[in-house]
Amino acid sequence: MGVKSATMKRPCQHSRAIASSPNLIHSGLAGARDVGTARAKCSDWGLVEREITVRTIALPPTPPCYTNPTLQPEGAMRPRRIEALQSILQAFPEDPLVLTCGATSREAASLGRRDNCLYVVDSMGLVGPIALGLALGLQGAPFRKVVAVEGDGGLLMDLNCLATAGYLKPDKFLMVVLDNESYASTGGQPTYTTNLDLTAIATACGLRTWACQELEPFAQALQEAREAPGPGLVRLKLAPGNERVPYLTEDPAVLRHTFETFLRSAVAGRG
Ligand SMILES: Cc1ncc(C[n+]2csc(CCOP(=O)(O)OP(=O)(O)O)c2C)c(N)n1
Ligand SMILES: [Mg+2]
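Residues numbered from 1 in each chain as written. Chains lettered and ligands numbered in written order. Predicted model: local features only at pLDDT ≥ 70, side-chain atom pairs only at ≥ 80, totals over all residues.

Draft legend 1. Representation of helix α6 (residues 160-168). Those residues of α6 that fall on the buried side of the exposure criterion are Cys161, Leu162, Thr164 and Ala165. Buried residues of α6, seen end-on, are gathered within an arc of 165° and therefore sit on one face of the element. Its buried side turned inward, α6 meets α4 (127-137), β7 (173-179) and α7 (198-205). (Buried ≥ 20, exposed ≤ 12 C-beta atoms within 10 Å, placed from the backbone. Helix = DSSP H or I, 4+ residues; strand = E, 2+ residues; numbered from the N terminus. Arc of directions from axis to C-beta. Contact = placed C-beta atoms within 7 Å.)

Draft legend 2. Broad picture of the environment of leucine 156. With respect to the helices and strands, leucine 156 occurs in helix α5 (residues 152-157). Between the alpha carbons of leucine 156 and glycine 125 there is a distance of 7.6 Å; along the sequence they are 31 residues apart. Residues in contact with leucine 156, not counting those within four places in the same chain, are Thr191 and Tyr192.

Draft legend 3. Structural detail: the pairing of strand β6 (residues 146-151). Most of β6 is tucked away: six of the six residues are buried. Burial of β6 is two-sided: the residues Val146, Ala148 and Glu150 facing one way and the residues Val147, Val149 and Gly151 facing the other way are all buried. Pairing between strand β4 (residues 97-99) and β6: three bridges, direction parallel. Bridge assignment links leucine 99 to a residue of β6, and that residue is valine 149. With six bridges joining them, β6 and β7 adopt parallel strand pairing. (Pairing = 2+ DSSP bridges.)

Draft legend 4. Region of interest: the pairing of strand β10 (residues 208-212). Of all five residues in β10, four are buried, a share of seventy percent or more. Relative to strand β11 (residues 232-237), β10 is paired through five bridges, and the arrangement is parallel. Residue pairing for β11: cysteine 212 is matched across the bridge by leucine 236. The parallel pair β10 and β11 is bridged by helix α8 (residues 215-227), and the resulting crossover is right-handed. (Right-handed = clockwise from strand over helix to strand, strands pointing away.)

Draft legend 5. Seen up close, the site of ligand 1. Close to ligand 1 lie 23 residues, the nearest being Gly102, Met124, Gly151, Gly153 and Ser185. If you tally residues by element for the shell around ligand 1, the top one is α5, at three residues. Classifying every residue of the shell around ligand 1 gives six nonpolar, 14 polar and three charged. Each of two domains, domain 1 (1-60) and domain 2 (73-237), supplies a minimum of three residues to the shell around ligand 1. (Near = placed C-beta within 6 Å. Nonpolar A, V, L, I, M, F, W, Y, C, P; charged D, E, K, R; others polar. Domains from an automatic or database assignment.)

Draft legend 6. Fine view of the packing of α4 against α6. At a minimum axis separation of 10 Å, α4 and α6 run at an interaxial angle of 15°. By the angle between their directions, the pair α4 and α6 is classed as roughly parallel. Like other packed secondary-structure pairs, α4 and α6 cross with a definite hand, here left-handed. Judged by residue contacts, Gly128, Pro129, Leu132 and Leu136 of α4 engage Cys161, Thr164, Ala165 and Leu168 from α6. A per-class count over the contact of α4 with α6 returns six nonpolar, two polar and no charged. (Axes fitted to C-alpha atoms, helices over the stretch in contact; angles between N-to-C directions. Parallel < 35°, antiparallel > 145°, perpendicular 65-115°, else oblique. Left-handed = near helix turned anticlockwise from the far one by under 90°.)

Draft legend 7. Looking closely at the nonpolar core. Among the nonpolar cores identified, the biggest contains 54 residues, and Val98, Ala131, Val147, Val149 and Val176 are the most heavily contacted of them. With six residues, β7 is the largest single contributor of residues to this core. Here valine 98 is in contact with Leu118, Val120, Val127, Ile130, Ala131, Val147, Ala148 and Val149, once residues within four sequence places are set aside. (Core = buried A, V, L, I, M, F, W, Y, C linked by C-beta atoms within 7 Å.)

Draft legend 8. Representation of the packing of helix α2 (residues 81-91) against α8 in the model. The geometry of α2 relative to α8 is characterised by a closest axis approach of 10 Å and an angle of 30° between their N-to-C directions. Classified by the angle between their axes, α2 and α8 sit roughly parallel to one another. Helix-helix and strand crossings are classified by hand; for α2 and α8 the assignment is right-handed. Two secondary-structure elements touch here, α2 through Glu83, Ala84, Ser87, Ile88 and Ala91 and α8 through Leu215, Phe218, Ala219, Leu222, Gln223 and Arg226. Among the residues forming the contact of α2 with α8, the class breakdown is seven nonpolar, two polar and two charged.

Next comes the structure, spelled out in structure tokens:
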């Protein structure tokens, strides 16, 4: 594996760019292979220039796709993640959406890329804190809600964001939890939500909550949650499994830049 010198042309978020490659391999990208490393000069938005090491991996053409019917036989009757994402994208065409890693970001992007979406492709557990920070920072902005689209596994990784949202009560914070009772993106291992109610936790933290099992009540809950004052959480129980959709291979710094540009122009244009 040779170490080469190169200058990165695109904006690059130094440590995030480096960290993303090894993490991607652990995120269920079976078949990904390390094909080389290079030393690169990274200009971070033109402000800082530093030397970094970039690993390059070759990806298989499509991600693995599976369902695990032995895990949750009743799950077959539940909505699929991609159907829930379609409802969310329809309900919030102009509000900022922060989408969790793994299959959720991939499936949402497969429905059509949108500038109002931040695809948090690899940072599990950070969707809630990111959306919470945005909801606090954008209190006077012309958005109705900042929506965190999180998985059950991702939310369990950072439950604190519910306690903080309940305490600070940012009006624009809305979390939508797509609860398939499993870490579907990485193989369908069960999470605690097989017998833990995330809406009960959110209610205890002081959030307004909606618990849904089907798509129609879910779409209705999204409309209500959009208009309701104060922080909220909508939970939908989902079937396990993932769709066979392409990987999101863009640098996270580029994905962030697109979203940031959307936020800046929306705030400037509508404020
Ligand atoms: C800190 C960290 N740990 C583990 C992973 C690998 N990983 C990516 S997605 C995922 C499963 C997420 O589960 P959930 O939030 O329930 O979403 P689902 O895939 O079930 O829709 C895991 C373990 C990661 N990206 N980051
Ligand atoms: Mg899950």
